[in-house]
Amino acid sequence: MELFNINIATLIVLTAVIITIAFIIAVAFNIGRTLESKKSQLKQKGDNKRRISAMDIAYEDALGANNFEIRKLNELNERYLNFTEHLSDVVKRLYSSLSSKEISSIVISLVKDIINTETIEMYIFDPQEKLLKKVNEFVKTTDGKTSYKLGEGLIGSAAQDNIIKIKGVTFFENNLHDYGKDTEKFWIVSPVHFNNRLIGVLGIGKVKNPTGNERNLIRIICDIAGVTLANQSYLREWKHGSMKDSLTGLYNRRYFSHMVMTYLEKSIKEDFPIQICLFDIDHFKNYNDMNGHQEGDCLLKEISILLTSLSRKSTVLARYGGEEFIVMLPDISKEDAFIYAERVKEEVAGYPFAHKEKQPLGFVSVSGGVASFPGDSGSIEKVIELADKALYKAKEAGRNRMIKHESSKKLINI
């Protein structure tokens, strides 16, 4: 009975121990499960935070990119507005300009307003030399090249083929063709023409943040430039014709008077003298009567060419009327002007003109007079009159001689 009681007591204790252990296991399991749940919840929250953070970053990146694109569009819009607002003023300036350099400078400014690049160069075609010559530029670095032959590089190729060309590709009848070397400094070039007449080429370097509209914009600008340069060329030719003597190609009397007044202003401001020389072909009537007027015209042309070859670039030489020529020599002394006149006399006398032996002196000759501003007179009209009087004295003295006016009223005869 006692053993039975012990066994019952042991069983109760064991049962209590088992229940306790089971309870502890259950509690531990529940705690573990709770911890796992909490851990899972924390992990999920962390993942959510990371996802939210990543979304925020992505959103911020997208917003930044959006703002950048908006800034680009605003900048581009501002460029376009500036371009359109100033276009009419630019066109007016273009049509009021008379030199290729002035026009190309305005064209380059127009390109700078609408296209973001650091290299813009303008070339004008010289049909006589078959060269494209640089007349103006906007560059931060340059290779020193000032001309291109037709077909040379993108500049020469665009001119020769008369199409816009882009480094790496060219557009021809809507097809793309590879073109351009890695060393080519231009990114896009466009010919400038008018009525199929090549006038020049506009070259543009790498464009910052290109929009894709550069080709069309350049075409518009080149069309404007083409019309303006063609107009300038026609105007220059007209002006050239209005200021030149049709027979000899020298300046005419009207243009000479204009140039005299221009130099007169400079002479007064910069304090330098002006020398006037008048030359007349001796016995020209005899030459015409003996050989005919056609031969007389040939003599005038040949003497004009000879006079031009003996004169400096700064010398203004004109046909003054009939067989008379007038020369303005700025910024030289009267003695040097007289040396020049003497050389003219000697070169004409020694030149193998046709029919020279039929002249009274046995050769073609000229006589001349020299006078100085302001040394001989403070009036340029008076100086020309004094040179004419000295010429008349040279004729009276036997021709084939030069005489310079002297303020003392003495005439030096050589």
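See above for the structure.
Report follows, based on the coordinates. (Residues numbered from 1 in each chain as written. Predicted model: local features only at pLDDT ≥ 70, side-chain atom pairs only at ≥ 80, totals over all residues. Heavy atoms only, no water.)

1. Observations concerning the pattern of salt bridges
Where charged atoms from two side chains of opposite charge come close, those side chains can pair.
Step number 1: All told, the structure shown has 16 salt bridges when counted by the stated rule.
Step number 2: Notably, a salt bridge pairs Lys-133 with Asp-126, separated by 3.0 Å at the nearest N-O pair.
Step number 3: Classification of Asp-126 as buried rests on a relative accessible area of 17%.
Step number 4: Where Lys-382 meets Glu-385, a salt bridge forms, and the shortest distance between an N and an O atom there is 3.6 Å. Placement of both Lys-382 and Glu-385 in helix α9 (residues 380-396) is noted, with a separation of three residues, approximately one turn of the helix.
Step number 5: Among the residues examined, Lys-382 registers a relative accessible area of 33% and is labelled partly exposed.
Step number 6: Residue Glu-385 is classed as partly exposed on the basis of its relative accessible area of 37%.
Step number 7: Salt bridges here are not isolated pairs; linked through shared partners, they connect Glu-121, Lys-134 and Lys-185. (Salt bridge = Lys/Arg side-chain N within 4 Å of Asp/Glu carboxyl O. Buried < 20%, exposed > 50% of the residue type's maximum accessible area, 1.4 Å probe, protein only. Helix = DSSP H or I, 4+ residues; strand = E, 2+ residues; numbered from the N terminus.)

2. What to know about the packing of helix α7 (residues 293-310) against helix α8 (residues 334-350)
Step number 1: Packing of α7 against α8 leaves a shortest axis separation of 11 Å and a crossing angle of 140°. Compared by their axis directions, α7 and α8 come out oblique. Crossing of α7 over α8 shows right-handed handedness. Contact with α7, carried on its side by Leu-306, Leu-307 and Leu-310, involves Tyr-340, Arg-343, Val-344, Glu-347 and Val-348 of α8 and no other residues of that element.
Step number 2: Of the residues contributing to the contact of α7 with α8, the split by class is six nonpolar, no polar and two charged. (Axes fitted to C-alpha atoms, helices over the stretch in contact; angles between N-to-C directions. Parallel < 35°, antiparallel > 145°, perpendicular 65-115°, else oblique. Left-handed = near helix turned anticlockwise from the far one by under 90°. Contact = heavy atoms within 4.5 Å. Nonpolar A, V, L, I, M, F, W, Y, C, P; charged D, E, K, R; others polar.)

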